[in-house]
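Here is how the chains run, residue by residue.
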Amino acid sequence: MLPVYFGSPDVCLFGSYHSPTLPARRVAVLILNPLGHEQVHSYRVLRCLAESLADKGFATLRFDLEGTGDSSGDDRTPGRLAAWQKSISDAAIELKKRSGVERLAIVGLRLGALLALHAAPACSAEHAVLWMPVTSGKAHGRELLRLHKMLMPKVRPENAPAEDEEALGFALRKDTVNDLAKLDPNTLSEKPVTGCLVVGGHDNPAEDKLLEKLQSLGVVTEYKHLPGHPFLVTDPHKNEVPSEVIDHIAGHLTSVFPDRDGPGLPTQLGGVIEGGPHREEAWLFGEPYQRFGILTRPATPSDKPALVFMNAGSVHHIGPGRAFVRMARKIADLGYPVFRMDLSGIGESPVAPNAVSNVPYPPNATLDAQAAMTALEQAGVAKKFILTGLCSGADIAFRAAVIDERVVGAWMINPQAFYFPSSDALKEFMHAELQAQYYKGAVWDLDRWKKMFRGETDVMRIARIMRGKVESALKRRLSRALGDSLPTAKNSPEARDVIADLELTARRTRDAFLLCSEDDPGLVYLLNYFDKGLEKLEAVPGFQKQVIAHVDHTFTPLWAQDLLSDTLIEHLRQKHG
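Residues numbered from 1 in each chain as written. Predicted model: local features only at pLDDT ≥ 70, side-chain atom pairs only at ≥ 80, totals over all residues. Heavy atoms only, no water.

(A) Region of interest: the sheet that holds strand 5 (residues 103-109). Strands sit in the order 1-2-4-3-5-6-9-10 across an open sheet of eight strands; the sheet is mixed. Each edge of the open sheet is held by one strand with a lone partner, namely strand 1 (2-7) and strand 10 (220-225). Pairwise comparison of adjacent strand axes, ignoring direction, gives a mean angle of 20 degrees for this sheet. Where strand 5 lies against strand 6 (residues 125-131), six bridges are found, and the strand directions are parallel. (Pairing = 2+ DSSP bridges. Helix = DSSP H or I, 4+ residues; strand = E, 2+ residues; numbered from the N terminus. Axes fitted to C-alpha atoms, helices over the stretch in contact; angles between N-to-C directions.)

(B) Region of interest: the packing of helix 2 (residues 80-99) against helix 3 (residues 111-123). Between helix 2 and helix 3, the shortest axis-to-axis distance is 10 Å and the interhelical angle comes to 55 degrees. For the element pair helix 2 / helix 3, the angle class is oblique. Crossing of helix 2 against helix 3: the hand is right-handed. The residues of helix 3 that touch helix 2, namely those facing Leu81, Ile88, Ser89, Ala92 and Lys96, are Leu115, Ala119 and Cys123. Partitioning the contact of helix 2 with helix 3 into residue classes produces six nonpolar, one polar and one charged. (Parallel < 35°, antiparallel > 145°, perpendicular 65-115°, else oblique. Left-handed = near helix turned anticlockwise from the far one by under 90°. Contact = heavy atoms within 4.5 Å. Nonpolar A, V, L, I, M, F, W, Y, C, P; charged D, E, K, R; others polar.)

(C) Highlighting empty space enclosed by the protein. Under the definition given, this model contains four cavities of 30 Å³ or more. Looking at the largest cavity, its volume works out to about 150 Å³. For the lining of the largest cavity, a count of residues per class yields eight nonpolar, seven polar and three charged. Counted as a void, the second largest cavity has a volume near 120 Å³. If you go around the second largest cavity, you meet 14 residues; those closest to its centre are Tyr43, Arg44, Ser314, Gly347 and Asn358. Per-class residue counts for the lining of the second largest cavity are five nonpolar, seven polar and two charged. (1 Å grid on protein atoms, 1.4 Å probe; cavity = no way out; pocket = protein on both sides within 12 Å on 5 of 7 lines; lining within 4 Å. Points joined across faces, edges and corners; volume = space filled by probe spheres on them.)

(D) Geometry of the environment of Ile413. For Ile413, the position within the fold is in strand 17 (residues 407-413). The contact partners of Ile413, leaving out residues within four places of it in the chain, are Thr388, Gly389, Leu390, Cys391, Ala394, Leu515, Phe555, Leu564 and Leu568.

(E) Just helix 16 (residues 558-576), in detail. Here helix 16 is 19 residues long and its end C-alpha atoms lie 27 Å apart, about the 27 Å a rise of 1.5 Å per residue gives. Trailing helix 16 by a residue or two, Gly577 shows a phi angle of about 80 degrees, which is positive. (Expected span 1.5 Å × (residues − 1).)

(F) Fine view of the environment of Ala355. For Ala355, the position within the fold is in the loop between strand 15 (338-342) and helix 9 (365-378). Once the C-alpha coordinates of Ala355 and Ser344 are considered, the two residues, eleven residues apart in sequence, prove to be 8.9 Å apart.

What follows is the structure in structure tokens.
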């Protein structure tokens, strides 16, 4: 994988280019992401698809649309659909330049499939693969909004701004919803591609209508029913790669484009975003194997410490709701370098030797954090570091801060268990508490169910998402009933070190910041097992605990993300100038 930047200084897009095995095929493949939370959930799966296609000889590019992922821009600005269409065109040009191949196939997942269908003519794409395609932009927009209203708690602070149109942590402006409503395969008057494969996962009459429409336009179509799409509705750390689907897509494109006498090695082009008051660089760093991260530089170099953001669970380096990207750019504007990294086996970082991929607590996590600090130090970016993360990332920031004297700040946002991620019983307890707190207001709210059923929506799809939340709530109640049968953390030597190590970190760094959502399971854990120690700890210089009400574990609503950002920036000003 080669990280690439392309586009223009005003709109710089980020992508991952996968070089083909040689001899290369005569056709390159462009991969389009779905939108919002589906993009986060499918990140690992689409990376595996790109790797599979490259192994078959296809030069492949997956990329982030403007205002999404690591690309420049923001989803709260107007004109999103036009910007996305321009992004697809720019990506097609980039892929052709890098690969030296003029012929193009396009693969899209969910909304990416609908965008691919409409963008194919402008990109001169010959063939399309539509994976679990959204068949109506209007219905999809409504589904995203309803899902957000179903799952987000009702309680909001009195001083919170009016709720934006949003979809589970991502902005979905009214004009964006209106523009999406214009995306409808029935509006196509000419065939967009010569051939097309539609991959569906469950019975959907809308897919039948899509096939009929494409066939009426003269498109050679193939349909394949392949179940195996739970990754779209499960948490990223529980995702399983649908190998059967990936193999079928790669095999299909191989059969359509069998010739392997294309150009050789890719052209090496650019690599740094130069637009705006700072620049961003994609890094491959570390020994004996490389990890991945993105550095956001301030406009002027300084001797200020660099902030290092680590993964929240198995969410890749953009963070939940893309919050880490926005925070990194705001903090860089204050003169601090910010590095958003993927731990081993998450996002773009390969799995460590003899380890398993896609786990929130990689066995080499603290070594990953130290490797990032070493790389930044050797490059002259910073000598001192503030480590931060959310959920499992908070635990890892804490552990690395305990052992590395280069750390001058440890910001722990909703940590979960500090030294106890390996206990299955405790993990189940924590997860059940988390899900119950997060969804208890939504699961049993009759008004929200009524709202969902007003109008067209994919009811079965929402039901599949909700099912997992209800199960978690029930497990949480069972955990409470078990009571003392859960592991007793205070009787463990490792657990007794938590308070001691928090105190050590606070005294040495002068900045041990514990930031928790009210009723978050990690805070419940601390109060249940370390109440007295935590009370004494609050008198230690350098330690600060702050609890925020009315926010969920990952600060999902946009107002909560803004509050998190403002809180961290204010803390940064107070502690580090």
